[in-house]
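What follows is each chain in one-letter form.
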Amino acid sequence: MRLLLFNSAAKKVETIYYTPYRAHVTMEPMNATVKITGDRAEAWVPTQNGEGSLAALSEATGFPLTNCEVYKLDSGCGLGRCGSTQDFTTLAAKVAQKFPGIPVKVVWSREEDMTHDYYYPIAMAKMTAGIDGSGNVTGMHIKVAGQSISNPSPTKHQEW
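**Overview of the sheet that holds strand E3 (residues 31-37)**
- Strand order in this open sheet of four strands is E5-E4-E3-E6, and the pairing throughout is mixed. At either end of the open sheet lies a strand with only one pairing partner, and these are strand E5 (68-73) and strand E6 (104-107). Pairs of neighbouring strands in the sheet enclose a mean axial angle of 15 degrees, with direction left out of account.
- Two strands pair when backbone bridges link them, and E3 and E6 are joined in this way by four bridges, in the antiparallel orientation. The residue of E6 that forms the bridge with Asn31 is Val107.
- Together, E3, strand E4 (40-46) and E5 form the strand contacts of helix H2 (residues 50-61), whose direction differs from that of E5 by roughly 140 degrees.

**A word on the sheet that holds strand E9 (residues 137-146)**
- Ordered by their spatial adjacency, three strands build an open sheet running E1-E8-E9, and the pairing between neighbours is antiparallel. Both edges of this open sheet fall to strand E1 (11-19) and E9, since each of them pairs with a single strand only. On average, each strand axis in the sheet is inclined to that of its neighbour by 10 degrees, with strand direction left out of account.
- Bridging between E1 and strand E8 (residues 123-131) involves nine bridges; their strand directions are antiparallel. Across the sheet, Tyr17 pairs through a bridge with Ala125, a residue of E8.

Quick notes on the rules
Residues numbered from 1 in each chain as written. Predicted model: local features only at pLDDT ≥ 70, side-chain atom pairs only at ≥ 80, totals over all residues. Heavy atoms only, no water. Pairing = 2+ DSSP bridges. Helix = DSSP H or I, 4+ residues; strand = E, 2+ residues; numbered from the N terminus. Axes fitted to C-alpha atoms, helices over the stretch in contact; angles between N-to-C directions. Contact = heavy atoms within 4.5 Å.

Below is the structure:
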């Protein structure tokens, strides 16, 4: 059936779209400020995933979630690391544990950000369309290939 739609079309159009691995590249440098006082931890983080930051803060400090507070900042659009990864929050919390009662801000350079970033997966789409004499699409076929967005990218990540 598909071949018939394309063979009878006045015009056949075919194109390929491709995107390589690409870094998330946030507008602001990856950063977090963490203050640990007694059995409480506070974090100021540019992120859209405050829940992920809260979980990372709790895990890094060993404090229960009820003893942690995260303030989401809108700086640079507050994208933070793609998905639930909060490695910058974890690093700031680990450093802040060495300096109780003092707010500690960790800012990554762009080079560090690129080294630790998680990359979007590679993808390719081949699109074919049949078009009749009036410019109407008579048939379309699309093939898409790509890596799962749920699996980690093939980059190395440092454990803090």
